[in-house]
Structure formats: C-alpha cells, structure tokens
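# Architecture at a glance
Residues per chain are reported as follows:
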Amino acid sequence: MDQKLAAALKRDDDAEDAGMHPDERSTCWTHQCWAEDCADDPMHTHPSAY
Ligand SMILES: [Zn+2]
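Residues numbered from 1 in each chain as written. Predicted model: local features only at pLDDT ≥ 70, side-chain atom pairs only at ≥ 80, totals over all residues.

### Remarks on the overall build of the protein
Note the cut-off: Each helix corresponds to a stretch of at least 4 residues labelled H or I by DSSP, and each strand to a stretch of at least 2 residues labelled E; elements are numbered beginning at the N terminus. Burial in this document is a count-based property: other C-beta atoms within 10 Å of a residue's C-beta are tallied, and the residue is buried at 20 or more, exposed at 12 or fewer, or partly exposed in between, with C-beta positions derived from the backbone.
For the protein, the count of helices and strands is 2 helices and 2 strands. Going from the N terminus to the C terminus, the protein shows its helices and strands as α-β-β-α. In terms of its C-alpha atoms, the protein occupies a principal-axis envelope of roughly 30 × 25 × 15 Å. Looking at the protein as a whole, 4% of its 50 residues qualify as buried.

Structural data, given as structure tokens:
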C-alpha cells in the first residue's frame, strides 16, 4: 500500500467517525484500496448478496 493511500484511508476513517456518510469515502475500508478500484466488486454492486 502506498503512503498516499494509507493517509487517505486514515483520513476517511477519521471523517467517518466524525459523522461523514460512508458513501462519501474516497477509499474502501473493506478492500483497503481506492474506492474506484473496487467499485465493480460484487460486494459493492450487489451488497445484498453478502
Ligand atoms: Zn471495496
């Protein structure tokens, strides 16, 4: 994981703790990657399947 991603994950975690909606995240906590990099993952496209 690069440092920029690690910093963004931390920033999103803190923002979410402060009340930000999870949809506003630019990173994915589940996959520990950029949100756009796993947007096609079945877990995101069909959340009810899990
Ligand atoms: Zn993801």
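### Observations concerning unusual backbone geometry
Of note in this structure, Gln32 is not a glycine but carries a positive phi near 55 degrees. Residue position: Gln32 is located in the loop between strand E1 (27-28) and strand E2 (33-34). Residue Gln32 is classed as exposed on the basis of its C-beta count, with 12 C-beta atoms lying within 10 Å.

### Looking at the confidence of the model for the protein
Heads up, the condition is: As a per-residue quantity, pLDDT reports the predictor's confidence and falls between 0 and 100.
For the protein, per-residue confidence averages 92 on the pLDDT scale, and 94% of positions sit at 70 or higher. Within the protein, helix H1 (residues 3-17) carries the highest mean pLDDT (98), whereas helix H2 (residues 42-45) carries the lowest (90).

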